[in-house]
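Listed here are the chains, written in short residue letters.
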Amino acid sequence: MLALSACSAAGGSTAEEERVTGDVPQEILRRSGFDTAASDLADDLRGAGDPGAARAAVERHGAGLWRAAVDRAQGEGRVSGDLGAGDDRPLYWARLGMVSALREWEPSFPLEDAERAALVSDLEGLSRGHGEMDFPEDPDALRVVVTGFDPFGGDRDGNPSGAAALALDGTTVRTESGPVAIEAAVFPVRWSDFTDGMVERVLLPHYTGGRPADAVVTVSQGGGGFDLEAYNGAWRGGSPDNVGDRAEGMIPVPEGVPTVDPQPQWSESTLDRGAIAAAETGRFPVRDSTGVVEVPEGESERVDREDGPTAGSTAVSGSGGDYLSNEIAYRNTLLRDATGRDIPAGHVHTPVPRFGTADEEVVTDEAFERDRADIVDQVRAIVLEAVAARP
């Protein structure tokens, strides 16, 4: 069983989960063939006669959902429905429906709140790919970890970073310099999971042990082009997440993991940003993003800087902002520094896929599908360029 944190209280659906019953999420589920995921789990839970059987059902359905989404994205087997195969939204809405079903389940045996929370945690982690990030036993293959995020915003919004994770997970790319094996996972857009150490639990094993990763690249959705975020700040700006929670203050580092003491205000990307930005990776522009917002040492006013932080300054906003994309970049590169690994590690912001129509009832169209596919292809090219340009 995965030792992952519960994302919310065991009883009652969250505001995020309650959205799954809306017309748009239901259309996405129906048009992808993922519309029975929640009811299938509920059926198995009703037949579970003890905690062990319930845990087995959760693990089976959680891992199965991730594998079904990856297989769909990579064209393995039959693709159900008429949504594009690379769409990340069915995974998101199916997971939320399954978690809601797990919260509402009334077992035939005693179940403490903490036990239900542990089941929710397992379901969350397994359906995000956290349980199967095992690289092939190929001594010649470079190992690369890529992470994405859930959708956030409106009900029809996807997240190309999550789509990229589905497309890349478990793949091995043959390059001129040798094979590159990629393992991927996605993370929630929720402050509480980051506070509870989800990022460190997933990424730390790839910085330690006898065969650690050769690169760790975190990815999230950004603006009009690709941005390679140079500097990550230690400050949370407090914008609401997918459950409406806010968090402001220094990024909390969980106990029991390697870290840098004292906690630094800034961490830095070790991707070769210049080489990546100069490479031909796709149709969207790629920028080396070095701007930050800081309070200079000995001062009290915020200052925008285009060329990175000054010595001794206090972080206000990293090159990628002050939201969870900056935070996963900070946590990742802090682990790199704490474990002494000299590898490419950094964050990539993607463009936002655009619809070709102003009709907000449309859940997909040709422009949206083209943008997402092109962004995913370019993420792959950027990741491979990051490995090729490693020191």
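Up top you'll find the structure we're talking about.
Fair warning: this is a prediction, and the values are worked out from it, not measured in the lab. (Residues numbered from 1 in each chain as written. Predicted model: local features only at pLDDT ≥ 70, side-chain atom pairs only at ≥ 80, totals over all residues. Heavy atoms only, no water.)

J.: What should I look at first to understand the pattern of salt bridges in this one?
T.: A side chain of one charge can pair with a side chain of the opposite charge when the charged atoms of the two come close. Evaluation of the coordinates by the stated rule reveals 31 salt bridges. A salt bridge links Asp-155 to Arg-19, with the nearest nitrogen and oxygen atoms 2.7 Å apart. Here the residue Asp-155 occupies a position in the loop between β1 (142–149) and α7 (160–168), and Arg-19 occupies one in the loop between α1 (15–18) and α2 (23–30), the gap between them amounting to 136 residues. For Asp-288, the salt bridge identified is with Arg-273, shortest N-O distance 2.5 Å. Here the residue Asp-288 occupies a position in strand β10 (residues 286–289), and Arg-273 occupies one in helix α10 (residues 273–278), the gap between them amounting to 15 residues. Because the salt bridges share partners, they merge into one network encompassing Glu-16, Arg-95, Glu-124, Arg-128, Asp-150, Arg-190 and Asp-193. (Salt bridge = Lys/Arg side-chain N within 4 Å of Asp/Glu carboxyl O. Helix = DSSP H or I, 4+ residues; strand = E, 2+ residues; numbered from the N terminus.)

J.: What is the right way to read empty space enclosed by the protein from this model?
T.: Unoccupied space between atoms shows up once a probe the size of one water molecule is rolled over them. For the coordinates displayed, the defined rule picks out two cavities of 30 Å³ or more. The calculated volume of the largest cavity comes to roughly 60 Å³. Around the largest cavity sit Asp-88, Leu-91, Tyr-92, Arg-95, Phe-149, Asp-150, Pro-151, Gly-162, Leu-166 and Val-186, which together line it. Listing elements by their share of the lining of the largest cavity, those giving two or more residues are α5 (89–104) and α7. Per-element tally for the lining of the largest cavity: the top contributor is α5, with three residues. Tallied by class, residues from the lining of the largest cavity come to six nonpolar, one polar and three charged. Of the voids in this model, the second largest cavity is the one considered here, and its volume is about 50 Å³. (1 Å grid on protein atoms, 1.4 Å probe; cavity = no way out; pocket = protein on both sides within 12 Å on 5 of 7 lines; lining within 4 Å. Points joined across faces, edges and corners; volume = space filled by probe spheres on them. Nonpolar A, V, L, I, M, F, W, Y, C, P; charged D, E, K, R; others polar.)

J.: What should I look at first to understand the pairing of strand β5 (residues 226–229) in this one?
T.: The two faces of a sheet get side chains in turn, since along a regular strand they alternate between them. Side chains Phe-226 and Leu-228 of β5 all project onto a buried face; the interleaved residues Asp-227 and Glu-229 project onto the opposite face, where all are buried too. Relative to β10, β5 runs parallel, the two sharing four bridges. Along β10, the bridge assignment pairs Asp-227 with Arg-287. In the sheet, β5 pairs with strand β14 (residues 345–350) via three bridges, with the strands oriented antiparallel. (Buried < 20%, exposed > 50% of the residue type's maximum accessible area, 1.4 Å probe, protein only. Pairing = 2+ DSSP bridges.)

J.: Sorry, what's going on with the sheet that holds β14 here?
T.: Neighbouring strands of a sheet are bound in pairs by backbone hydrogen bonds; such pairs are parallel or else antiparallel. The mixed open sheet is built from seven strands, whose spatial order is β2-β3-β1-β4-β14-β5-β10. Each end of this open sheet is capped by a strand with a single partner; those strands are β2 (171–175) and β10. Sheet twist, expressed as the average angle between the axes of neighbouring strands with direction ignored, equals 25 degrees. Packed onto the sheet, helix α12 (residues 366–388) meets β1, β2, β3 (178–187), β4 (215–221), β5, β10 and β14 and runs at close to 35 degrees relative to β5. (Axes fitted to C-alpha atoms, helices over the stretch in contact; angles between N-to-C directions. Contact = heavy atoms within 4.5 Å.)

J.: Quick question: what am I supposed to make of a negative patch on the surface here?
T.: Among the surface-exposed residues, Asp-23, Asp-359, Glu-360 and Glu-361 lie close enough to one another that they form a single negatively charged patch. Of note, Asp-359 is situated in the loop between β14 and α12. (Patch = residues over 30% accessible without salt bridge, like charges linked within 9 Å, V, L, I, M, F, W, Y side chains within 5 Å. Areas by Shrake-Rupley, 256 points an atom, 1.4 Å probe, with all protein chains shown as cover. Lys, Arg positive; Asp, Glu negative; His and termini not counted. Charge placed at Lys NZ, Arg CZ, Asp CG, Glu CD.)

J.: Where do I start with the packing of α5 against helix α6 (residues 113–126) in this structure?
T.: Any two packed helices are characterised by the angle at which their axes cross and by the distance between the axes. At a closest axis distance of 10 Å, the pairing of α5 and α6 adopts a crossing angle of 165 degrees. One way to sum up the angle between α5 and α6 is to call them roughly antiparallel. Of the two elements, α5 crosses α6, and the hand of that crossing is right-handed. Across the interface between the two elements, Arg-95, Met-98, Val-99, Leu-102, Arg-103 and Glu-104 from α5 touch Arg-116, Leu-119, Val-120, Leu-123 and Glu-124 from α6. (Parallel < 35°, antiparallel > 145°, perpendicular 65-115°, else oblique. Left-handed = near helix turned anticlockwise from the far one by under 90°.)

J.: Honestly, α2 in this entry has me stumped. Any pointers?
T.: Three- or four-residue spacings in an α-helix give side chains the same orientation, since the helix completes a turn every 3.6 residues. The set of residues buried in α2 consists of Val-24, Pro-25, Glu-27, Ile-28 and Leu-29. Packed against the buried residues of α2 are α5.

J.: Sorry if this is basic, but what is going on with unusual backbone geometry here?
T.: It is generally the case that most residues other than glycine have a negative phi and that most peptide bonds are trans. With omega at 0 degrees, the peptide bond leading from Asp-261 into Pro-262 counts as cis. When you line up the elements, Pro-262 lands in the loop between β8 (248–250) and β9 (266–268).

Purely spatial values, then, with no claim about function.
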